[in-house]
Amino acid sequence: MFWGIDVGSRSIELVGVNESGQIETVRVVPTAYNPVGQMEVVLDGVSKSDPIVSTGYGRNLFIEHISWDGPKRSVTEIQAYARGALVLHPEVRMVLDIGGQDTKAIALDDRGQIVKFEMNDRCAAGTGKFLEFMAAALRVPLEEFGEFAMKATKKLKVASLCTVFAESEATSLMARGEKPEDIAMALHESIVSRTVAMIRRVGFRKPFLFGGGVARNRCVVSLIGEALGCDPIVPDNPEAVGAFGAALIAKESYNI
């Protein structure tokens, strides 16, 4: 088996592929406040003599803190997501990943090579963390936030792209008596506006694949599709695209 582990800010994904590159194992655990301990949890029962590649913001934590007997190395999320997306859907020419801590837009050429990318990793605005903060502010479970927003009946606007100020705007709108559903939609439109601007800077290409945990939010998927005039491809287990790509890189690197 060949393994890929994506250590994100909100969850850790582990994917195992066989010698044919077919997925045999997918595991997901929350990162919580002990990412090293959670890596041990998700790796429970895995042969530590197998090749493994780590990716994600915590990829170096894996290299430095997890004892491993077999070959191991790390790759960037850009490399991992591009590789995973292309194998899942070879026709893809752009990859969007909105995770808990960062957002990535990756443009690919006709050979599947990365030609340009942009990454937001310095601010929570435009990421899953933004939606998590706002869902908590409106007292809506994160998993239901997208569906909740799609019940909106009135157009509102949240102007700020800063998470702190956006939360303040949302609080002011609530104080004015605006419906929580309408506020939720305005917040979704805010994150989509920032994301679409990033995609356009990179150079929009289609078809495009939408991965990362936020790809499970139907409202975000719908709004991005409307803004770009093209529905994104959302794979099964969208949060595992990076781990899958890392596992494929492990196979290609160590299958000798």
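Preceding this section is the structure that the text describes.
Bear in mind the structure is a predicted one, so any value in this text is a computation, not a measurement.

> Please clarify how the sheet that holds strand S5 (residues 72–74) should be interpreted in this entry.
Sheets are built from strands paired through backbone hydrogen bonds, the pairs being either parallel or antiparallel. Taken in spatial order, the five strands of this open sheet run S3-S2-S1-S4-S5, and their pairing is mixed. In the strand order of this sheet, the two ends are held by strand S3 (23–30) and S5, each with one partner. Between one strand axis and the next, the sheet turns by 15° as a mean value, whatever way the strands run. In this structure, strand S2 (residues 11–17) lies alongside S3, joined through seven bridges in antiparallel fashion. Counterpart to Ser11 in the pairing with S3 is Pro30. Its contacts with the sheet place helix H1 (residues 35–42) against strand S1 (2–7), S2 and S3, and it is angled at close to 145° to S3. Most of the contacts of helix H9 (residues 241–254) go to S1, to which it runs at about 140°, and overall it touches S1, S2, S3, strand S4 (52–55) and S5.

> Even after reading the chapter, I still don't get the nonpolar core, so can you show me in this structure?
Most often, soluble globular proteins have nonpolar side chains that are buried together. By size, the foremost hydrophobic cluster in this structure holds 41 residues, and its most contacted members are Phe145, Leu187, Phe210, Val220 and Ile224. Those elements that place two or more of their residues in this core are strand S6 (94–98), strand S7 (103–108), helix H4 (128–137), helix H5 (145–149), helix H6 (163–175), helix H7 (180–202), strand S9 (208–211) and helix H8 (218–228). The element that contributes the greatest number of residues to this core is H7, accounting for eleven residues. In this view, Phe210 contacts Leu96, Ile98, Ala215, Val220, Val221, Ile224, Pro232, Ile233, Val234, Pro235 and Pro238; residues no more than four positions away in its chain are not counted.

> I'm lost on the sheet that holds S6 in this one. Help?
What the four strands build is an open sheet, ordered S8-S7-S6-S9; its pairing is mixed. Each having just a single partner strand, strand S8 (114–120) and S9 make up the two edges of the open sheet. Strand-to-strand twist of the sheet, defined as the mean angle between neighbouring strand axes without regard to direction, takes the value 10°. In this structure, S6 lies alongside S9, joined through four bridges in parallel fashion. Counted as the bridge partner of Leu96 is Phe210 from S9. Taken strand by strand, H8 contacts S6 and S9, and its axis lies near 155° from that of S9.

> Just checking my understanding: could you explain the pairing of S1 for this structure?
Successive residues of a regular strand alternate their side chains across the two faces of the sheet. Counting buried residues in S1 gives six out of six residues, a clear majority hidden from the surface. By the alternation rule, side chains of S1 split into Phe2, Gly4 and Asp6 and Trp3, Ile5 and Val7, which are all buried. Bridge count between S1 and S2: six bridges; the pairing is antiparallel. Bridged to Ile5 within S2 is Leu14. Note: S1 against S4, four bridges, orientation parallel. Of the residues in S4, the one forming a bridge with Ile5 is Ser54.

> Would you mind going over H1 with me for this structure?
Side chains that are three or four residues apart share a direction in an α-helix, a result of its 3.6 residues per turn. Listed in full, the buried residues belonging to H1 are Pro35, Gln38, Met39 and Val42. Burial along H1 is one-sided: seen end-on, the buried residues are contained in an arc of 105°.

> Could you clarify how one ought to interpret a nonpolar patch on the surface in this entry?
Together, Ile23, Val26 and Val28 give the surface a local cluster of nonpolar side chains, amounting to about 220 Å² of exposed area. Note on placement: Ile23 falls in strand S3.

The rules behind each value
Residues numbered from 1 in each chain as written. Predicted model: local features only at pLDDT ≥ 70, side-chain atom pairs only at ≥ 80, totals over all residues. Heavy atoms only, no water. Pairing = 2+ DSSP bridges. Helix = DSSP H or I, 4+ residues; strand = E, 2+ residues; numbered from the N terminus. Axes fitted to C-alpha atoms, helices over the stretch in contact; angles between N-to-C directions. Contact = heavy atoms within 4.5 Å. Core = buried A, V, L, I, M, F, W, Y, C linked by side-chain atoms within 4.5 Å. Buried < 20%, exposed > 50% of the residue type's maximum accessible area, 1.4 Å probe, protein only. Arc of directions from axis to C-beta. Patch = residues over 30% accessible without salt bridge, like charges linked within 9 Å, V, L, I, M, F, W, Y side chains within 5 Å. Areas by Shrake-Rupley, 256 points an atom, 1.4 Å probe, with all protein chains shown as cover. Salt bridge = Lys/Arg side-chain N within 4 Å of Asp/Glu carboxyl O.

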